[in-house]
Amino acid sequence: MNKENIQAFGNLVERADRILIISHTRPDGDAVGSLIGLGLIFEELGKKVNLVLEDGVPKVFHHLPSYDRVFREAAGVYDLIVVVDCSDIDRIGNVLDDYGEPDVNIDHHPTNTCFAGLNLVQETAVATVEIIYDLAVALSLPLNQSIAEVFLTGLLTDSLGFRTSNTTPKALRIAAELQELGADLPFLYRKAMGEKSLEAVKYWGLGLSRINLEDRLVWTSLSLEDRKKADYPGRDDADLINLLASIKETDISLVFVEQKNGTVKVSWRARPGFDVSKTALEFGGGGHKPAAGAEIKGSLEQVQEDVIKATRHALNGTG
Ligand code: AMP
Ligand code: MN
Ligand code: MN
């Protein structure tokens, strides 16, 4: 991030009184952490802040400070609109339909489309919270224990507990700073990643019962019926993809989650040396080389067939 961009961000914040912050649907820890953390910083500066996630905050993050202050709609008038952890504007859902282009886009996806007036995109950051932390330090913005807790959650969840290939010494140094601000690392790890609800495990069981492995590609699906049977409240995969990615005999793993709106949410994971972000991009999604996603129109069967074919091409180097 260059100095001009950092200063431009500082100026926009200084001039704004009412600020809207938004992140992506099916929010993960980085989306929630970036949203709440930046919101708390702005509040410390005396701003009026509205935090919006179209899907709300998943239960797995209900131990975080201010999780209950996140709304599902963006009603109101704002001086500044900031989107965090989104590679393209469609990722936020429909919450900005009545508003213009967002003012600021803070993100770490290489597939980011630079959709805002000011785009603070840094691909080397492990998580978007890392970029926001850097902005806070560079602009001497306030930090406190609550902010540290949500930031550390973003770092932990996007790096799967500091074990993804993009984990840097810098991210670990920031984690140490956040611990010193009072964030309880083992507690935050356990709540966001170490514990599963019974419903989530039952949902996993349904997906695992029909797992497929063929030529180092592993995949499974979760239907709307599975979700109902397991009584699982989310519309995501309950992180089943990370379990599939741990299977030794694979290079690429895939999970297909049927949605109510006639689309299928696809998650890709790949071992180092493979790039699934390009295949995700082909299907209108995006992400990083080792972890990508897309929401694709079509039936579960059709989307599975098309995506497996395209992914196999990429895996064989013929795509
Ligand atoms: P997921 O499989 O949802 O955990 O996402 C893996 C990575 O891909 C994350 O970096 C997401 O932000 C990104 N991603 C997931 N879904 C989409 C999408 N529909 N469009 C763009 N990027 C996505
Ligand atoms: Mn995210
Ligand atoms: Mn992220």
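One can find the structure itself at the top, above this paragraph.
Each value, and the rule that gives it
- The written sequence of each chain sets the order in which its residues are numbered from 1.
- The order in which chains are written sets their letters, starting at A; the order in which ligands are written sets their numbers, starting at 1.
- Note on the predicted model: pLDDT of at least 70 is required for a residue's local features to be given, and 80 or more for side-chain atom pairs to be given and counted; whole-chain, interface and lining totals, by contrast, use all residues.
- With hydrogens and water set aside, each side-chain value is computed from the structure's full complement of heavy atoms.
- Only DSSP runs of H or I covering at least 4 residues are called helices, and only runs of E covering at least 2 are called strands; the numbering of each starts at the N terminus.
- Based on C-alpha atoms, the radius of gyration is set beside the globule rule, defined as 2.2 Å times the residue count to the power 0.38.
- In this scheme, a residue with accessible area under 20% of its type's maximum is buried, one over 50% is exposed, and one in between is partly exposed, where area comes from a 1.4 Å probe on protein chains only.
- The contact criterion used throughout is that any non-hydrogen atoms of two residues lie within 4.5 Å.
- By convention in these notes, a residue is near a molecule or strand provided one of its non-hydrogen atoms lies within 4 Å of it.
- A 3.5 Å cut-off defines polar contacts: any pair of N or O atoms within that distance qualifies, except that in protein one atom must be a possible hydrogen donor and the other a possible acceptor, and neighbouring residues in sequence count only when both atoms are side-chain atoms.
- The domain boundaries here were taken from an automatic or database domain assignment.
- At least two bridges found by DSSP between two strands is the condition for calling them paired.
- Helix span, as expected, comes to 1.5 Å for every residue beyond the first.
- Taking the helix axis as origin, the arc is that swept by the directions to the C-beta atoms.
- The term salt bridge refers to a side-chain nitrogen of Lys or Arg lying within 4 Å of a carboxyl oxygen of Asp or Glu.

Please clarify how the overall build of the protein should be interpreted in this entry.
Secondary structure assignment for the protein yields eleven helices and twelve strands. On C-alpha atoms alone, the protein measures out to a radius of gyration of 19 Å, which is about the 20 Å that the 2.2 N^0.38 rule sets for 319 residues. Viewed in the frame of its principal axes, the protein has a C-alpha envelope of about 55 × 40 × 40 Å. Taking all 319 residues of the protein together, the buried fraction comes to 50%. Counting contacts in the protein only where the partners sit at least 6 residues apart, residues at least 24 apart contribute 63% of the total.

Is there a simple way to think about the site of ligand 1 in this case?
In the vicinity of ligand 1, 16 residues are found, and the nearest of them are His109, Lys265, Ser267, Arg269 and Gly286. Gly286 places a polar main-chain atom, nitrogen or oxygen, 3.2 Å from a nitrogen atom of ligand 1. Looking at which element gives the most residues to the shell around ligand 1, the answer is strand E12 (residues 291–297), with five residues. In terms of domain composition, the shell around ligand 1 takes at least three residues from each of domain 1 (3–193) and domain 2 (198–315).

What is the right way to look at the sheet that holds strand E11 (residues 286–287) in this model?
Hydrogen bonds between backbone groups are what pair the strands of a sheet, and the pairing can be parallel or antiparallel. In spatial order, the strands read E7-E8-E9-E10-E12-E11; together these six strands make up an open sheet with mixed pairing. The sheet is open, and its two edges are formed by strand E7 (212–214) and E11, each paired on a single side. In this sheet, strand E9 (residues 252–258) lies alongside strand E8 (residues 217–222) in parallel orientation, the contact comprising six bridges. Within E9, the residue paired with Leu222 across the bridge is Val257.

Mind showing me how you'd approach helix H1 (residues 3–15) here?
For an α-helix, the turn length of 3.6 residues means that residues three or four places apart are oriented alike. An ideal rise of 1.5 Å per residue puts 18 Å on 13 residues; H1 measures up with 18 Å between its terminal C-alpha atoms. Buried within H1 are the following residues: Ile6, Phe9, Gly10 and Val13. Down the axis of H1, the sector holding all buried residues measures 100 degrees, keeping them to one side. Along H1, the residues that are exposed and aim more than 90 degrees away from the buried face are Glu4 and Arg15. The inward-facing, buried residues of H1 contact helix H2 (29–44), strand E4 (80–84), strand E5 (104–107), strand E6 (118–121) and helix H3 (128–138).

What's the story with the pattern of salt bridges in this structure? I'm lost.
Side-chain pairs of opposite charge can arise where the charged atoms are in close proximity. All chains considered together, the criterion is met by 14 salt bridges. A salt bridge links Arg235 to Asp55; the shortest N-O distance between them is 3.0 Å. Pair noted here: Arg235 is in the loop between helix H8 (224–230) and helix H9 (240–244) and Asp55 is in the loop between strand E2 (48–52) and strand E3 (70–71), with a separation of 180 residues, a long-range link. Residue Glu130 pairs with Lys170 through a salt bridge whose shortest N-O separation is 3.0 Å. Of this pair, Glu130 sits in helix H3 while Lys170 sits in helix H5 (residues 169–180); the two residues are 40 residues apart in sequence, bridging distant segments of the chain. A residue is classified by how much of its surface remains accessible, and Lys170, at 33% relative accessible area, is partly exposed. One salt-bridge network, in which partners are shared between bridges, spans Glu130, Asp134 and Lys170.

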